[in-house]
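Next come the chains, spelled out residue by residue.
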Amino acid sequence: MPLLDVSDVLLDPDFADTFTVYREAVTVGDDGRSIRTETTFPGVGVVTPDMWSTLQRAPEGSNVSEIITVITQFRLTSSVDGTDADEIVWNGKRYVVIAVGDCTRFGAGFVEASASLKGMSPP
(Lines give C-alpha, C1' and ligand atoms only; values in the text may rest on other atoms or scores of the structure.)
Protein backbone atom coordinates (compact mmCIF):
# COMPACT_ATOMS: atom_id res chain seq x y z
CA MET A 1 0.00 0.00 0.00
CA PRO A 2 1.38 3.45 -0.88
CA LEU A 3 2.47 5.51 2.09
CA LEU A 4 2.25 8.86 0.32
CA ASP A 5 -0.96 10.83 0.88
CA VAL A 6 -1.20 13.49 -1.85
CA SER A 7 -4.43 15.07 -0.57
CA ASP A 8 -2.72 18.33 0.42
CA VAL A 9 -1.30 18.80 -3.07
CA LEU A 10 -4.47 17.79 -4.93
CA LEU A 11 -6.59 20.21 -2.89
CA ASP A 12 -4.10 23.10 -2.90
CA PRO A 13 -5.69 26.15 -4.58
CA ASP A 14 -2.43 26.74 -6.47
CA PHE A 15 -2.75 23.32 -8.08
CA ALA A 16 -6.47 22.48 -8.14
CA ASP A 17 -9.06 23.94 -10.50
CA THR A 18 -12.83 24.35 -10.37
CA PHE A 19 -15.33 22.76 -12.73
CA THR A 20 -19.06 22.10 -12.93
CA VAL A 21 -20.57 18.61 -12.91
CA TYR A 22 -23.91 17.90 -14.61
CA ARG A 23 -25.60 14.65 -13.54
CA GLU A 24 -28.76 13.35 -15.21
CA ALA A 25 -31.08 10.93 -13.47
CA VAL A 26 -33.02 8.89 -16.01
CA THR A 27 -36.42 7.37 -15.25
CA VAL A 28 -39.15 5.88 -17.43
CA GLY A 29 -42.44 7.74 -17.56
CA ASP A 30 -45.93 6.25 -17.80
CA ASP A 31 -45.77 6.68 -21.57
CA GLY A 32 -42.59 4.57 -21.79
CA ARG A 33 -40.38 7.52 -22.64
CA SER A 34 -37.33 8.45 -20.63
CA ILE A 35 -37.47 11.43 -18.31
CA ARG A 36 -34.17 13.18 -17.63
CA THR A 37 -33.64 15.31 -14.55
CA GLU A 38 -30.38 17.28 -14.50
CA THR A 39 -28.63 18.35 -11.29
CA THR A 40 -25.61 20.67 -11.17
CA PHE A 41 -22.73 20.37 -8.68
CA PRO A 42 -19.57 22.43 -8.17
CA GLY A 43 -16.34 20.45 -8.34
CA VAL A 44 -12.74 20.98 -7.31
CA GLY A 45 -9.81 18.90 -8.47
CA VAL A 46 -6.78 18.65 -10.68
CA VAL A 47 -7.67 18.77 -14.37
CA THR A 48 -5.05 18.01 -17.01
CA PRO A 49 -5.17 17.36 -20.74
CA ASP A 50 -4.82 13.66 -21.49
CA MET A 51 -5.05 13.89 -25.25
CA TRP A 52 -4.81 17.29 -26.94
CA SER A 53 -7.36 18.37 -29.54
CA THR A 54 -7.06 16.03 -32.48
CA LEU A 55 -8.78 16.50 -35.82
CA GLN A 56 -10.15 13.29 -37.31
CA ARG A 57 -11.21 13.46 -40.94
CA ALA A 58 -13.60 10.96 -42.46
CA PRO A 59 -15.62 10.87 -45.69
CA GLU A 60 -18.77 11.82 -43.76
CA GLY A 61 -17.14 14.83 -42.07
CA SER A 62 -14.55 16.02 -39.56
CA ASN A 63 -14.54 15.51 -35.81
CA VAL A 64 -12.41 17.02 -33.05
CA SER A 65 -11.43 14.65 -30.25
CA GLU A 66 -10.06 15.73 -26.88
CA ILE A 67 -9.70 13.94 -23.53
CA ILE A 68 -9.01 15.34 -20.05
CA THR A 69 -8.09 13.63 -16.79
CA VAL A 70 -9.77 14.80 -13.58
CA ILE A 71 -8.57 13.84 -10.09
CA THR A 72 -11.14 14.85 -7.48
CA GLN A 73 -12.96 13.81 -4.32
CA PHE A 74 -16.28 14.30 -6.11
CA ARG A 75 -17.61 10.79 -6.87
CA LEU A 76 -17.83 11.06 -10.67
CA THR A 77 -19.55 8.27 -12.58
CA SER A 78 -19.36 7.00 -16.14
CA SER A 79 -22.91 5.61 -15.81
CA VAL A 80 -24.79 3.56 -13.25
CA ASP A 81 -28.35 2.28 -13.05
CA GLY A 82 -30.72 5.21 -13.36
CA THR A 83 -27.96 7.77 -13.95
CA ASP A 84 -26.33 8.76 -17.22
CA ALA A 85 -22.60 9.48 -17.42
CA ASP A 86 -21.58 12.69 -15.67
CA GLU A 87 -20.70 15.69 -17.79
CA ILE A 88 -18.01 18.18 -16.78
CA VAL A 89 -17.70 21.79 -17.90
CA TRP A 90 -14.11 22.95 -17.63
CA ASN A 91 -12.29 25.72 -19.43
CA GLY A 92 -15.44 26.59 -21.40
CA LYS A 93 -15.85 23.10 -22.88
CA ARG A 94 -18.23 20.26 -21.99
CA TYR A 95 -16.83 16.75 -21.52
CA VAL A 96 -18.55 13.42 -20.83
CA VAL A 97 -17.00 11.00 -18.31
CA ILE A 98 -15.92 7.80 -20.09
CA ALA A 99 -13.94 6.02 -17.34
CA VAL A 100 -13.52 6.30 -13.57
CA GLY A 101 -10.83 4.73 -11.38
CA ASP A 102 -10.55 4.50 -7.59
CA CYS A 103 -7.54 6.42 -6.22
CA THR A 104 -8.34 6.20 -2.51
CA ARG A 105 -4.96 4.58 -1.84
CA PHE A 106 -3.33 7.97 -2.52
CA GLY A 107 -5.73 10.17 -0.53
CA ALA A 108 -9.11 9.97 1.14
CA GLY A 109 -11.94 9.55 -1.37
CA PHE A 110 -10.14 10.49 -4.59
CA VAL A 111 -11.18 9.24 -8.01
CA GLU A 112 -9.46 9.67 -11.36
CA ALA A 113 -11.74 10.12 -14.35
CA SER A 114 -11.18 10.38 -18.07
CA ALA A 115 -13.61 12.61 -19.93
CA SER A 116 -14.05 13.09 -23.67
CA LEU A 117 -15.05 16.32 -25.39
CA LYS A 118 -18.79 16.14 -25.91
CA GLY A 119 -19.11 18.45 -28.88
CA MET A 120 -17.35 21.20 -30.70
CA SER A 121 -17.23 24.41 -28.74
CA PRO A 122 -18.31 27.62 -30.39
CA PRO A 123 -15.47 29.86 -31.67
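Quick summary incoming for the structure in this document.

About the criteria used
Residues numbered from 1 in each chain as written. Predicted model: local features only at pLDDT ≥ 70, side-chain atom pairs only at ≥ 80, totals over all residues. Heavy atoms only, no water. Helix = DSSP H or I, 4+ residues; strand = E, 2+ residues; numbered from the N terminus. Pairing = 2+ DSSP bridges. Phe/Tyr/Trp six-rings, centres within 6.5 Å; stacked < 30°, edge-to-face > 60°. Lys NZ or Arg CZ within 6 Å of the ring centre and 35° of its normal. Core = buried A, V, L, I, M, F, W, Y, C linked by side-chain atoms within 4.5 Å. Buried < 20%, exposed > 50% of the residue type's maximum accessible area, 1.4 Å probe, protein only. Contact = heavy atoms within 4.5 Å. 1 Å grid on protein atoms, 1.4 Å probe; cavity = no way out; pocket = protein on both sides within 12 Å on 5 of 7 lines; lining within 4 Å. Points joined across faces, edges and corners; volume = space filled by probe spheres on them.

1. Quick word on unusual backbone geometry
Of note in the backbone geometry, S79 takes a positive phi value of approximately 135° without being a glycine. Looking at the secondary structure, you find S79 in the loop between β3 (61-72) and β4 (87-90).

2. Quick look at the pairing of strand β1 (residues 17-28)
Sheet topology note: the β1/strand β2 (residues 34-58) ladder contains 12 bridges and is antiparallel. When the bridges of β2 are listed, A25 appears paired with T37. Count of turn residues in the β1/β2 antiparallel hairpin: five residues, of which G32 carries a positive phi of about 85°. Sheet analysis places β1 next to β4, joined by three bridges and oriented antiparallel. Bridge assignment links V21 to a residue of β4, and that residue is I88.

3. Let's talk about the packing of aromatic side chains
For the structure shown, the criterion picks out one aromatic pair. Judged by centre distance (5.4 Å) and plane angle (50°), the ring pair of F41 and F74 falls under tilted. Taken as a pair, F41 in strand β2 and F74 in the loop between β3 and β4 lie far apart in primary sequence, 33 residues in all. Lying across the ring of Y22, R94 places its NZ or CZ 4.1 Å from the centre.

4. Some points on the nonpolar core
Among the nonpolar cores identified, the biggest contains 14 residues, and F19, I68, V70, L76, I88 and W90 are the most heavily contacted of them. At the level of secondary structure, the elements contributing two or more residues to this core comprise β1, β3, β4, β5 (93-102) and β6 (111-117). When residues of this core are assigned to their parent elements, the largest contribution, three residues, is made by β6. Once you skip the residues sitting within four places of it in the chain, L76 turns out to touch V21, R23, V70, D86, I88, V100, V111 and A113.

5. Concerning empty space enclosed by the protein
For the structure on display, the rule yields one cavity of 30 Å³ or more. Within this model, the largest cavity holds a volume of roughly 50 Å³. As for the largest cavity, its lining consists of Y22, E24, E38, D84, A85, E87 and R94.

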